[in-house]
Amino acid sequence: MKQQRHWEERTHQWLLKTEFRNASEAEISELKDILRFHEHRYYVLNEPLISDTEYDRLYKMLEAAERNDPTIITPDSPTQRVGSGLTASFHSVSHLVPMLSLENSYNAEDLLEWDRKARELSGRETIEYCVEPKFDGASISLIFEGDRFTRGATRGDGVQGDDITANLRRIRSLPLSAGFAGLGIRQIEIRGEVLMTKAHFKQYNDLLAEQNLPPLANPRNAAAGTLRLKDPAEVGRRNLEAFLYHVSYTLTDPGQDLPPALQTHSGSLDLLWDLGFRSPKKEKRVFQGIRAVIDHCLDFEQHRDDLPYEIDGIVIKVNEIALQEKLGMTTHHPRWAIAFKFKARQAISLLRNVEFQVGRTGSVTPVAKIDPVPIGGVTVSSISLHNQDFIREKNIRLGDRVLVERAGDVIPYIVRSLTEQRTGAETDIRFPTSCPSCGHDLIKPVDEAVWRCPNISCHAQVVERIIHFTSKDAMDIRGLGEANIRKFHELGWLPDIPSIYTLPYAEMQQLEGMGSRSVAKLQEAIERSKYQPLHRLINALGIRYVGETTAKGIARRVSHLLELAAFTREDLQQIEDVGVKVADSLFSFFQDPAQQDTLRRLEALGVNLSSGRQEAVSGSLSGKSFLFTGTLSKMKRSEAETLVESMGGKLLSGVSSKLDYLVVGEDAGSKLEKARKIGTIHIMDEDAFLILAGKS
Ligand code: IVH
């Protein structure tokens, strides 16, 4: 890969272009390379150099040129991740080399024994090992012919898997072409794992919850399920990532030796990385002898939750490929590798009771009360059973022994009932017919899986609605936590959402545990929330099927929230992300006089209902240009850039006299010096930027 500076300069030149017609072949080829370079920076290195908007501009230029002359489209063009629509079915394909499994080890003794055998077989006194994470996802096998990615498959039975090429092309960290031919490699088969990060998994489960669908148990199931979708476009939306960790087959040009890098496992990870793949180059470690490996494994297990994705162990591999070949394999696993499995985050417990909780939309959710069990350092005693269908499908009964899983920071989940251990004393879980909070008869809409309490004044619903309103992703009112909300509701201070803004602070100071300082802080947080951007208020209102994303789409369409009261169902469906179901829900919400009254009261109390107000209050960035350099500590660079753009600011890709603000993180380099020399640029740190953006 060429120098970063070269690509930065070329990007800058391309972004200056206002017109782009009759492009030459060389220009098109350069534009593709520039886009590939930025995809790699963004998806593989997590270090974007340009803003999303700038990337989109370049991408659109390529799209336009390809539309103008379709003969220039190549299968590895950045535009070709999109394309083919639905996949009718997956064909079975044979792997070039069978995909074996790994032998497992669970403790130091297992590893010592494995190392002893490997040393005995190889005749070596000490073996060099390369260790890397054992990614907890879905395994894949890729084939590149020349430089082009031509086929990708699931593991299947190890000999044959399903052809999922169309889906894999949607994974942005997988290059569609890589420089193998220049290394004399004609064909190569590479193994790896497809993952969903914990953050994207949470986002995906939130989306399912918005649609009243039960969540997925863990990111592994989410990744594996996504790879089997018949809709590649949807695969693209789910933000999968791929780590490549093993070269299983290479065919070289006649008389051509393999690149020296491929003589060790760690070298092959470096080479894959250099060719643009996301390999565990940075995560891997090389050790002499098994003792150091054991120390590393035990230490790494303590830090597994620090990673943004799930791992279920460490894989230890003999580093020298010649030695790997000497050790060979059994029919099941290679003798040159072993998995050190972390302690399972599963446990078995007894399902004692089921309680029914009323949510903010009136949905009644069964919650399993199990005998408390520690799982991965957390004691679990309550687990959502989602709805009646979930209980039926999983065949769960009171008195069952259940297998519980808690993957990382993921909410605990009942994997299955151990029906084989039933004694006959287990009983069916009976659903209530009336609301456990207000006693109103429950209803079950025909097209839904959940029972609901239709009484919108039901105390449980009111409290849950207020909890949601104040939550971090909604109005973000710190200090007004769940316990306080319940207490204030019982005291009659919080009968509804608008009453948040009329709380009796003087009386509050008399409550035990509420000093004047904490009351003042709470008051400040409540006052600040009045200026939250409109999309946060829309999300906070807890309208069914309307989450963060839909709320943003709505906020972009109106200048004042009450305009929506004049929208027909058809008008609502014109909004981004709003289909028939969401439009129906929005329509009934904004037609409801009680909801309109709530909104008017909120506005009278000073809460922002318009989409432009936030800028006026927190200082608009409109017309100002920004550039970030160095590592930010409170937010990702991409988040900071989105913030600038959302507040009307512009992002520049280099330091010039046109730049207004340079935001400097840690280890800032030449950009800082250059900005100082120019002298007219405001140089600020991250905290100052957050204040300017009204976020501090
Ligand atoms: S090496 C012959 N390395 O774990 C090479 N596998 O439980 C075998 N896995 O089937 C694979 N992370 O799907 C290897 N860093 C890693 C891995 C890894 C996850 C998966 C792989 C394998 C399974 C065995």
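Below or above, wherever it landed, is the structure these notes cover. (Residues numbered from 1 in each chain as written. Predicted model: local features only at pLDDT ≥ 70, side-chain atom pairs only at ≥ 80, totals over all residues. Heavy atoms only, no water.)

## Focus on the environment of Asp136
The cut-off we apply is this: Helix numbers and strand numbers start at the N terminus; a helix is a DSSP run of H or I with at least 4 residues, a strand a run of E with at least 2. Any two residues whose heavy atoms approach within 4.5 Å are treated as being in contact.
For Asp136, the position within the fold is in the loop between β3 (128-135) and β4 (138-145). Distance in space between the C-alpha atoms of Asp136 and His333 is 18 Å, their sequence separation being 197 residues. Asp136 has contacts with Leu195, Arg220, Glu310, Ile311 and Asp312, leaving out every residue within four places of it along the chain.

## A closer look at the site of the ligand
Note the threshold: Consider each residue's heavy atoms; a residue with any of them within 4 Å of a molecule or strand counts as near. Think of a polar contact as two N or O atoms within 3.5 Å of one another; within protein, one of them needs to be a possible hydrogen donor and the other a possible acceptor, and neighboring residues in sequence only count if both atoms come from side chains. Residue burial considers only the protein chains on display, and all accessible areas are found by Shrake-Rupley using a 1.4 Å probe. With a 1 Å grid spanning the protein atoms alone, the term cavity applies to any set of points in which a 1.4 Å probe fits but cannot get out, the term pocket to an open set with protein on both sides within 12 Å along at least five of seven lines, and the term lining residue to any residue with an atom within 4 Å of a point. Whether a molecule lies in a cavity or pocket depends on its atoms, and more than half of them have to be within 2 Å of the grid points.
Looking at the ligand, there are 15 residues lining it, with Glu132, Phe135, Ser139, Glu193 and Lys317 nearest. At a separation of 3.4 Å, an oxygen atom of the ligand approaches a polar side-chain atom of Ser139. Glu193 places a side-chain nitrogen or oxygen 3.0 Å from an oxygen atom of the ligand. For the ligand, whose accessible area on its own is 530 Å², the fraction buried by protein is 89%. Placement of the ligand is best described as lying within the second largest pocket. For the shell around the ligand, the leading source of residues is β3, giving 4 residues.

## Digging into the environment of Glu189
With respect to the helices, strands and loops of the structure, Glu189 is situated in strand β7 (residues 185-195). Looking at Glu189, its side chain comes within polar contact range of the main-chain nitrogen of Leu96, at 2.8 Å. Within the structure, the side chain of Glu189 is placed 2.9 Å from the side chain of Arg191, a separation counted as a polar contact.

## A word on the layout of surface pockets
Selection criterion: Grid points are joined across faces, edges and corners, and a volume is the space filled by probe spheres set on the points. Side-chain classes follow a simple rule in which Ala, Val, Leu, Ile, Met, Phe, Trp, Tyr, Cys and Pro form the nonpolar group, Asp, Glu, Lys and Arg form the charged group, and the remainder, Gly included, forms the polar group.
As a volume, the second largest pocket reaches approximately 1100 Å³. Lining the second largest pocket are 44 residues, with Arg191, Tyr245, His246, Pro334 and Trp336 sitting closest to its centre. Of all elements in the fold, only β3, β7, β8 (241-252), α9 (265-274), β10 (311-318), α11 (321-327) and β11 (337-341) reach the threshold of two or more residues within the lining of the second largest pocket. Here the lining of the second largest pocket gets 6 residues from one element, more than from any other, and that element is β8. Tallied by class, the residues present in the lining of the second largest pocket amount to 20 nonpolar, 14 polar and 10 charged.

## Here we look at unusual backbone geometry
Selection criterion: Buried residues are those whose accessible area, probed at 1.4 Å on protein chains only, stays under 20% of the maximum for their type, while exposed residues exceed 50% and partly exposed ones sit between those limits.
Phi is positive for Asn239, close to 55 degrees, though the residue is something other than glycine. The exposure class of Asn239 is partly exposed, given its relative accessible area of 31%. We note that Asp667 has phi near 55 degrees; this positive angle belongs to a residue other than glycine. Its place among the elements puts Asp667 in the loop between β20 (661-664) and α24 (670-678). Given a relative accessible area of 71%, Asp667 falls into the exposed group.

## Quick look at the packing of aromatic side chains
Note the cut-off: Pairing of aromatic rings covers Phe, Tyr and the six-membered ring of Trp, with a centre-to-centre limit of 6.5 Å; geometry is then stacked below 30 degrees between planes, edge-to-face above 60, and tilted otherwise.
Taken as a whole, this structure holds 20 aromatic pairs when the rule is applied. Ring geometry for Phe243 and Tyr309: centres 5.1 Å apart, planes at 55 degrees, overall tilted. You can see Phe243 sitting in strand β8 and its partner Tyr309 sitting in the loop between α10 (290-302) and β10, a full 66 residues away along the chain. An identical accessibility class is assigned to Phe243 and Tyr309; each is buried. Relative to Phe342, the ring of Phe340 lies with its centre 6.3 Å away and its plane at 75 degrees, an arrangement referred to as edge-to-face. Looking at Phe340, the relative accessible area reads 2%, which means it is buried. What links up through ring pairs into an aromatic cluster is the set Phe135, Phe243, Tyr245 and Tyr309.

## So, empty space enclosed by the protein
Taken as a whole and assessed by the stated rule, the structure comprises 1 cavity of 30 Å³ or more. The computed volume of the largest cavity comes to approximately 50 Å³. Along the walls of the largest cavity sit Leu49, Ile50, Ser51, Glu54, Phe626, Leu627, Phe628, Arg637, Glu641, Leu651 and Leu652, which together make up its complete lining. Mapped onto the lining of the largest cavity, the elements with two or more residues apiece are β18 (625-629) and α23 (637-646). Among the elements that line the lining of the largest cavity, the one with the most residues is β18, at 3 residues. In terms of residue class, the lining of the largest cavity is made up of 7 nonpolar, 1 polar and 3 charged.

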